[in-house]
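Reading the structure
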Amino acid sequence: LRPTISPAGVHALCDELHGECASARAAQRVGTMFGLSQHATRSIEQVADACAAQGNANMWYQSYILKDREMTLRLVRRAANAGYKGIFLTVDSVRFGFREADARNGWNALPKPHRLVNYDEEIANKQQSSESKKSSWLSPEASFDKTKIYSGDEDAWDQNTEQLFEQNPTWDDVRWLKREGCHDLPLIIKGIMTGEDAVEAVKAGADGVMVSNHGGRALDGALAAIDALPEVVEAVGDRVPVLMDGGVRRGTDVLKALALGASAVGIGKPVFFALAVGGEDGVVNLLQMLQREVEAAMAICGVENVADATRSLITRHPNGNVTRYTRSKL
């Protein structure tokens, strides 16, 4: 019943001292999964070490396919060596959606002292390696200067980092990552919004798919994740689990997704809000609050266990949208 923490970057913007370590420990304390973003402000190993004392942390690492395939593999292998339980591969971000609020606010670079430390460590290690010239690091398709991710050359800061990404990936890249990077670790393809893509992901070796529209910050006008969920569940059937994130704010949202066939439900923005207000304890409180809300919603709906949550619980408001969504004027 507990929602999971979906991978999302730069937690140190909300908890400068602990960053992703605080969020990971919070997930560990309540017994749910934590996804570490490739764009984290604490390293793969730092987050693993932060959870080592209590043991049994259910941590997953989120990867992108980079132009530099060797860096892609090294990051995934670092996660495997650090004890992460599985890999998310985000496939909806060959480019980021243009972040208009960031551009308006002049947020065109990650503010100091924050860093995308996993990239920093890879850059440092590669520069020190005597074999660097033999690697694809210096190949034409991977020759972009990695230090430019902090340059502020673009209007919005995410546009600096997207230059690292492979912009022409194929399903063969999924097969490659599963074969060369994941080995025995399960691979979940994140960013699926259609039944056709879900089927292709399974054919490429995915052990699960995650319905997600990248927090609504990628393709303008895209469906909400929960609207895409039924099609994906129907297309995949019982072959692999189907997870979902995006727009989850209350326990009733979790129950809706479960009733529509999701195997697990992730949250993103609420974690940042809770982390900013109360640090690690704030995230624990958030997760516990959501669990209580799910349990209450199930009881009110007469649902004894998750298996009893079916589509018969879900209906559309007869007048369409109950309220009109208004974009925040940040």
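Presented here is a report on the structure given in the accompanying data block. Owing to the predicted nature of the structure, the values given are computational and were not obtained by experimental measurement.

Quick look at the side chain of serine 63
Relative to the assigned elements, serine 63 resides in strand S3 (residues 59–63). Given a relative accessible area of 0%, serine 63 falls into the buried group. Apart from the residues lying within four places of it in its own chain, the contact partners of serine 63 are Gln38, Thr72, Val76, Ile87, Phe88, Leu89 and Thr90.

What about the side chain of histidine 114?
Along the chain, the position of histidine 114 falls in the loop between helix H4 (100–104) and helix H5 (117–128). Relative accessible area serves as the criterion here: at 10%, histidine 114 is assigned to the buried category. Those residues in contact with histidine 114 that lie beyond four places of it in its chain are Ala12, Leu13, Glu16, Thr41 and Tyr150.

With respect to the sheet that holds strand S5 (residues 187–192)
Here eight strands make up a closed barrel; going around it, the order is S1-S2-S3-S4-S5-S6-S7-S8 and the pairing parallel. When strand polarity is set aside, the average angle formed by the axes of neighbouring strands in this sheet is 30 degrees. Across the face of the sheet, helix H2 (residues 44–52) comes into contact with strand S2 (34–36) and S3 while running at roughly 170 degrees to S3. Strand contacts of helix H7 (residues 171–182): strand S4 (86–90) and S5, with the helix running at about 150 degrees to S5, the strand carrying the most contacts.

Quick notes on the pattern of salt bridges
Within this structure, the stated rule accounts for 20 salt bridges. One salt bridge connects lysine 190 with aspartate 245, and the closest N-O pair in it is separated by 3.3 Å. Of the two residues, lysine 190 is situated in strand S5 and aspartate 245 in strand S7 (residues 242–245); the sequence distance between them amounts to 55 residues. Each of the two residues, lysine 190 as well as aspartate 245, counts as buried. Residue lysine 203 pairs with glutamate 200 through a salt bridge whose shortest N-O separation is 3.8 Å. Taken as a pair, lysine 203 and glutamate 200 lie in helix H8 (residues 195–203) at a separation of three residues, close to a single helical turn. Here glutamate 200 falls in the partly exposed class, since its relative accessible area comes to 28%. Connected through shared salt-bridge partners, Glu45, Arg74, Arg78, Glu121 and Glu122 make up one network.

Details of the state of the cysteines
In the structure shown here, the tally under the stated rule is zero disulfides. Left without a disulfide partner, cysteine 51 is nearest to the cysteine sulfur of cysteine 21, which lies 7.3 Å away. On the accessibility criterion, cysteine 51 (2% relative accessible area) is buried.

Examining the pairing of S3
In terms of burial, S3 is largely enclosed, as five of its five residues are buried. Relative to S3, S2 runs parallel, the two being bridged by three bridges. In the strand pairing of S3, phenylalanine 34 is matched with methionine 59. Of the crossover connections in this fold, the one passing from S2 over H2 to the parallel S3 is right-handed. Sheet topology note: the S3/S4 ladder contains four bridges and is parallel. Looking across to S4, one finds that tryptophan 60 is bridged to glycine 86. A crossover connection joins S3 to the parallel S4 through helix H3 (residues 69–81); in handedness this β-α-β unit is right-handed.

So, the environment of lysine 67
Take lysine 67: it is sitting in the loop between S3 and H3. Looking at lysine 67, its side chain comes within polar contact range of the main-chain oxygen of glutamine 163, at 3.0 Å.

Here we look at the packing of aromatic side chains
This structure, assessed with the given rule, holds five aromatic pairs. Residues tryptophan 107 and tryptophan 157 carry aromatic rings whose centres are separated by 5.5 Å and whose planes lie at 40 degrees to one another, so their mutual orientation is tilted. Of this pair, tryptophan 107 sits in the loop between H4 and H5 while tryptophan 157 sits in the loop between H5 and helix H6 (158–161), and the two are 50 residues apart along the sequence. Ring-pair connections join several aromatic residues into one group, and the members of that group are Tyr64, Phe96 and Phe165. Just above the ring of tryptophan 176 sits the side chain of arginine 69; from NZ or CZ to the centre is 6.0 Å. The ring of tyrosine 150 is capped by arginine 115, whose NZ or CZ atom sits 3.6 Å from the centre of that ring.

What counts and how
Residues numbered from 1 in each chain as written. Predicted model: local features only at pLDDT ≥ 70, side-chain atom pairs only at ≥ 80, totals over all residues. Heavy atoms only, no water. Helix = DSSP H or I, 4+ residues; strand = E, 2+ residues; numbered from the N terminus. Buried < 20%, exposed > 50% of the residue type's maximum accessible area, 1.4 Å probe, protein only. Contact = heavy atoms within 4.5 Å. Pairing = 2+ DSSP bridges. Axes fitted to C-alpha atoms, helices over the stretch in contact; angles between N-to-C directions. Salt bridge = Lys/Arg side-chain N within 4 Å of Asp/Glu carboxyl O. Disulfide = S-S within 2.5 Å. Right-handed = clockwise from strand over helix to strand, strands pointing away. Polar contact = N/O pair within 3.5 Å; in protein donor to acceptor, adjacent residues only side chain to side chain. Phe/Tyr/Trp six-rings, centres within 6.5 Å; stacked < 30°, edge-to-face > 60°. Lys NZ or Arg CZ within 6 Å of the ring centre and 35° of its normal.

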